[in-house]
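What follows is the residue order along each chain.
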Amino acid sequence: MKELKEKKVFGRLYDVYLQCALYGACFDLKSEKDVSVRETQSIFTDMFSNNSEYCLNILKMVLLLDNSLNLSKEEKIKRVFSFKNGYYAEEKANEMKENIEIFNSYFYGGIEEIYSRYFKNCINDDDVIVKMKALIKDFYLLKIKFDEKQLLKEISD
């Protein structure tokens, strides 16, 4: 995350976290945390609480795109919409923990791909700008491909 922030690709760690997870889910890219890296980055909880609807929508979209649990469409919808406004029933705590683990695996896959595909070899700001344009174009194409309303319609059919 630090590298993308230093190259000014994303202004906030919060944006890195959400957008990379969404990118990872759209391209079915999963990975695990690199435990050899000792540095830590923090995203303050008020970022999530102040933008809770946006965060939940991205979490839901990532979980709807995920196929790792082999859930039916109905099971996915029930699972995704069982938490509202960031709250879930106590008996759903393990399920929510699993949801976050799935989300994080897409985040790690997304951030690895974005960094290596777009920004790893950037030397100066001009390189970063060219790669940012490519990333934005790819995200725009994803938006067309994975229109949220269309995705929900397909899942509910």
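Conventions adopted
- Residues numbered from 1 in each chain as written.
- Predicted model: local features only at pLDDT ≥ 70, side-chain atom pairs only at ≥ 80, totals over all residues.
- Heavy atoms only, no water.
- Phe/Tyr/Trp six-rings, centres within 6.5 Å; stacked < 30°, edge-to-face > 60°.
- Helix = DSSP H or I, 4+ residues; strand = E, 2+ residues; numbered from the N terminus.
- Buried < 20%, exposed > 50% of the residue type's maximum accessible area, 1.4 Å probe, protein only.
- Core = buried A, V, L, I, M, F, W, Y, C linked by side-chain atoms within 4.5 Å.

A. View of the packing of aromatic side chains. Counted by the stated rule, this structure contains six aromatic pairs. Where Tyr23 meets Phe27, the ring centres are 4.7 Å apart and the plane angle is 50 degrees; that geometry is what we call tilted. Taken together, a centroid distance of 6.4 Å and an interplanar angle of 75 degrees make the contact between Tyr23 and Tyr118 edge-to-face. Taken as a pair, Tyr23 in helix H2 (residues 13–26) and Tyr118 in helix H6 (residues 93–119) lie far apart in primary sequence, 95 residues in all. According to the relative accessible area criterion, Tyr23 is buried, its value standing at 0%. Site record: aromatic cluster; members linked through ring pairs are Tyr17, Phe103, Phe107 and Tyr108.

B. Local environment of the nonpolar core. One finds Phe103, Phe119 and Leu135 to be the most contacted residues of the largest nonpolar core, which totals 36 residues. Only H2, helix H4 (52–65), H6 and helix H7 (125–145) provide two or more residues apiece to this core. A per-element tally of this core places H2 first, with 10 residues.

Don't take any of this as a statement about function, it's just geometry.
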